[in-house]
Each structure stands twice: as C-alpha cells, then as structure tokens.
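# Structure at a glance
This is what each chain is made of:
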Amino acid sequence: SGMSAGEFPQFGADTAIVVFRLSVFVVTTNNGTNFWTITLRDTASTVLATLDTSALAANTWGRLATTTITQPGASNVVLTVRPTATLSPGSLFVVPEILVIP
C-alpha cells in the first residue's frame with residue numbers, strides 16, 4: 001500500500017491516455033468500508049486517474065475502468081500504478097491496462 005505496483009514507460013510526448021482499466025481480485029474482505037483505491041500517476045506523482053474496489057465482491061475477479069484521465073505532461077516518462085488501502089481490505093491482485101494513442 002502506498003508503493004508503486006507497476007511502472008509503464010510513456011511512449012513519447014504526444015501520447016494520449018484514452019482509458020485506464022484494471023482487473024482486480026481482493027481476497028477475503030472488500031466492501032464499501034474496507035477497500036482499495038488504485039491510482040495512475042505520472043513521474044511527478046500527479047494523480048492522472050483513480051479507481052476503487054468498494055463496489056466489487058471479495059474473492060472474485062472484477063473489472064474497473066475510467067476514461068476520466070488527466071493527461072501527463074510531456075516531460076513525464078513513466079506512469080505508475082499505486083494501490084492504497086482504506087481501513088483493512090484483504091490482499092489485492094491487480095492487472096492494469098493503459099490504452100494510449102501515440
């Protein structure tokens with residue numbers, strides 16, 4: 001929690017992020033009170049997009065997506081995915097997907 005879970009190179013200054021999608025699995029506990037927030041950030045740690053697991057059932061794979069994205073600046077060369085726990089959700093498995101237009 002609070003650490004980068006993955007890093008993706010930004011493919012040039014003219015790249016536009018179209019959608020941020022996740023496949024997630026939260027073990028045991030996940031609900032409106034105990035959940036994970038997953039943010040997409042740029043090199044400067046600016047939050048570009050945010051998703052959370054609060055509406056998903058525990059112990060099953062779920063899908064999340066958003067097209068509400070702040071575009072990274074041209075000088076940001078790496079995008080990171082960062083999970084943060086709210087209260088005490090179970091362990092998180094996450095498979096991120098970032099759709100870009102070069």
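Here's what I pulled together on the structure shown here. Everything numeric in this text was worked out from a predicted model, so none of it was measured.

Here the structure, examined in full by the defined rule, presents one salt bridge. As a salt-bridge pair, Glu97 and Arg21 come within 2.7 Å of each other at their nearest N and O atoms. Here Glu97, found in strand S7 (residues 92–101), pairs with Arg21, found in strand S2 (residues 16–26); they are 76 residues apart in sequence, far enough to count as distant. Among the residues examined, Glu97 registers a relative accessible area of 39% and is labelled partly exposed. Residue Arg21 is classed as partly exposed on the basis of its relative accessible area of 32%.

Let's shift gears to the sheet that holds strand S5 (residues 61–66). Across a sheet, paired strands are connected by hydrogen bonds in the backbone, their directions being either parallel or antiparallel. Pairing within the open sheet is antiparallel, and its three strands lie in the order S5-S2-S7. Bordering the open sheet on either side are S5 and S7, each of which pairs with just one other strand. With direction set aside, neighbouring strand axes in the sheet form an average angle of 15°. Sheet topology note: the S2/S7 ladder contains ten bridges and is antiparallel. Residue Ile17 lies in a different strand from S7, and its bridge partner there is Val100.

It is worth spelling out the nonpolar core at this point. Counting residues in hydrophobic clusters, the biggest one holds 17 residues, and the most contacted among them are Ile17, Phe20, Leu22, Ile38 and Leu40. Listed by contribution, the elements that provide at least two residues to this core are S2, strand S3 (35–41), strand S4 (47–52), strand S6 (78–86) and S7. Among the elements that take part in this core, S2 stands out by supplying five residues, more than any other. With near-sequence residues (within four places) excluded, Leu22 lies in contact with Ile38, Leu51, Gly62, Arg63, Leu64, Val94, Val95 and Pro96.

With that out of the way, let us pick up the environment of Thr43. Mapped onto the secondary structure, Thr43 falls in the loop between S3 and S4. Between the C-alpha atoms of Thr43 and Leu79, which are 36 residues apart in sequence, the distance is 6.3 Å. In contact with Thr43, not counting residues within four places along its chain, are Asn76, Val77 and Val78. At a separation of 3.1 Å, a polar atom in the side chain of Thr43 contacts the main-chain amide nitrogen of Val78.

Reading the values: rules and limits
- Residues numbered from 1 in each chain as written.
- Predicted model: local features only at pLDDT ≥ 70, side-chain atom pairs only at ≥ 80, totals over all residues.
- Heavy atoms only, no water.
- Salt bridge = Lys/Arg side-chain N within 4 Å of Asp/Glu carboxyl O.
- Helix = DSSP H or I, 4+ residues; strand = E, 2+ residues; numbered from the N terminus.
- Buried < 20%, exposed > 50% of the residue type's maximum accessible area, 1.4 Å probe, protein only.
- Pairing = 2+ DSSP bridges.
- Axes fitted to C-alpha atoms, helices over the stretch in contact; angles between N-to-C directions.
- Core = buried A, V, L, I, M, F, W, Y, C linked by side-chain atoms within 4.5 Å.
- Contact = heavy atoms within 4.5 Å.
- Polar contact = N/O pair within 3.5 Å; in protein donor to acceptor, adjacent residues only side chain to side chain.

Taken by themselves, the reported measurements are silent on function.
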